[in-house]
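Structural characterization, general
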Amino acid sequence: MIDSSTRPSGPFREGDRVQLTGPKNKLHTITLAEGGEMHTHHGVLFHRDLIGLPDGSVVANSSGHEYLAMRPLLRDFAMSMPRGAAIVYPKDAAQIVMQADIFPGATVVEAGVGSGALSLSLLRAVGPAGRLVSFERREDFADVARANVETFFAGAPDTWEVVVGDLVDALPETLAAGSVDRVVLDMLAPWEVMDAVAEALTPGGVVLCYVATATQLSRVAEYIRSTGCFTDPDASETMVRGWHVEGLSVRPDHRMVAHTGFLLTARRLAPGTIAPEVKRRASKSSYGDEDVELWTPGAIGEREITDKNLRKRVREATKAAEGARQAAAARDADGSAQ
């Protein structure tokens, strides 16, 4: 049984994912393997020198350069894992968990699964008593996501199910109407599935849309209003600026993680309920064919990954997942022997 609320601990073992902080704070993420080596222009670091050491140890490579070795945190893992599709950044994943009110024991629907970065945060949030059902149209993206999640949790969590198919068709076949607590949509055109989402959500449930552009944000907000099934939507974006703090040198970092996406949330009304009208100033809320053209995948800059590159990402993710399973098996064997 794989519990998504736990994480590996104890000495490093073969198959463990390890984050190395080297000279000039450069990060390297490796999967420990028998006979494995990490080559850089600073020299060679042998995996055998790490195996058996506790988390938070320092090890030197063949040239004497020292590296701090630690198991990656969730945010570190999400940023370094193999990607089939663009990931949801940790800053947005944290806001999604809070704004969608993902709670332990919740039944949550996610679409699409992408590379699995958001799935990791959602699985942590629903806990061992919850359930996450992730829908993905592309089998190759689903393969990358499965491998990444299995790598992090050293196996597939019992609370997670991946369904390959279109949400509109697959959601009613997978979950009963009114049985879903939360729906998180990370997709190009979330308005296309909103009717199916409304049918699946329990009254008071939350739908959250993660979209990249202002035109997408506008269209999905107007569609949600037009259904009459939800409260008036709220929209926001999150920007994170780090700070350099060293002695008397205290200043903002030169770079920051600014716009990555918009978050829009709304809550499901009880069937037959008409929400009080929201008074607002007159604005251009309608749209025509020319406006719709601006919401096409090409116009909003959707970037496609090549098949060759994606096959490579699948191999990388699958290899990492196999290593994580081996490490988990070794830990279980050690525990049984004690």
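This write-up is about the structure you can find in this document. For clarity, every value in this text was computed on a predicted model and none was experimentally measured.

The next subject is a positive patch on the surface. Together, K308, R311, K312 and R315 give the surface a local cluster of positive charge. Assignment of secondary structure puts R315 in helix α9 (residues 307-337). Taking the relative accessible area as the measure of exposure, R315 reaches 55% and is therefore exposed.

What follows concerns helix α4 (residues 139-153). Here α4 is 15 residues long and its end C-alpha atoms lie 21 Å apart, about the 21 Å a rise of 1.5 Å per residue gives. Of all 15 residues making up α4, eleven are buried, and the element is well covered by its neighbours. Taken as a whole, α4 has its buried residues at F141, A142, V144, A145, A147, N148, V149, E150, T151, F152 and F153. Note on α4: the residue one or two positions beyond its end, A154, has a positive phi of about 60°.

With that settled, consider the environment of E150. Of note, E150 is situated in helix α4. Under the relative-accessibility criterion, E150 is labelled buried at 18%. E150 sits 173 residues away from G323 along the chain, and the two C-alpha atoms are 9.8 Å apart. If sequence neighbours within four positions are ignored, E150 has contacts with G155, A156, A321, A324 and R325. A polar contact of 2.3 Å, which involves the side chain of E150, links it to the side chain of R325.

Once rolled over the atoms, a probe with the size of a water molecule shows which space is left empty. Counted under the stated rule, the structure contains one cavity of 30 Å³ or more. Looking at the largest cavity, it is lined by 14 residues, and the ones nearest its centre are P8, R17, R71, T151 and F152. Elements represented by at least two residues in the lining of the largest cavity include exactly α4 and α9. With three residues, the single largest contributor to the lining of the largest cavity is α9.

Mapping R182 onto the fold places it in strand β10 (residues 180-185). With relative accessibility at 7%, the residue R182 sits in the buried group. A polar contact of 2.9 Å, which involves the side chain of R182, links it to the side chain of D101. In this structure R182 touches A100, D101, I102, F103, T107, V108, V109, L201, G204, G205 and V206, once residues within four positions along its chain are discounted.

About the cut-offs
- Along each chain, the written sequence defines residue order, and numbers are assigned to residues from 1.
- Where totals are concerned, whole chains, interfaces and linings use all residues; where local detail is concerned, this predicted model gives features only for residues with pLDDT of at least 70, and gives and counts side-chain atom pairs only at 80 or more.
- To obtain the side-chain values, all non-hydrogen atoms of the structure were used and water was disregarded.
- A patch consists of residues exposed above 30% relative accessible area that lack any salt bridge, with like charges linked at up to 9 Å and nonpolar side chains (Val, Leu, Ile, Met, Phe, Trp, Tyr) linked at up to 5 Å.
- Only the protein chains shown count as cover for residues, and all accessible areas are computed by the Shrake-Rupley method using a 1.4 Å probe.
- A carboxyl oxygen of Asp or Glu within 4 Å of a side-chain nitrogen of Lys or Arg is what we treat as a salt bridge.
- The charge count includes Lys and Arg as positive and Asp and Glu as negative, but it does not include His or the ends of the chains.
- Charge placement uses NZ in Lys and CZ in Arg. For Asp and Glu, CG and CD serve respectively.
- Helix numbers and strand numbers start at the N terminus; a helix is a DSSP run of H or I with at least 4 residues, a strand a run of E with at least 2.
- The buried label goes to any residue with under 20% of its type's maximum accessible area, the exposed label to any with over 50%, and the partly exposed label to all in between, with areas taken from a 1.4 Å probe on protein chains only.
- To estimate how far a helix should reach, multiply one less than its number of residues by 1.5 Å.
- The contact criterion used is simple: two residues touch if any of their non-hydrogen atoms lie within 4.5 Å.
- Polar contact is defined as a pair of N or O atoms within 3.5 Å, subject to the rule that within protein one atom must be able to donate a hydrogen and the other to accept it, and that residues adjacent in sequence are counted only when both atoms are side-chain atoms.
- A pocket here means an open set of points on a 1 Å grid, computed over the protein atoms alone, that has protein on both sides within 12 Å along at least five of seven lines. A cavity is instead a set of points where a 1.4 Å probe fits but cannot get out; residues with an atom within 4 Å of a point line either one.
- Grid points are joined across faces, edges and corners, and a volume is the space filled by probe spheres set on the points.

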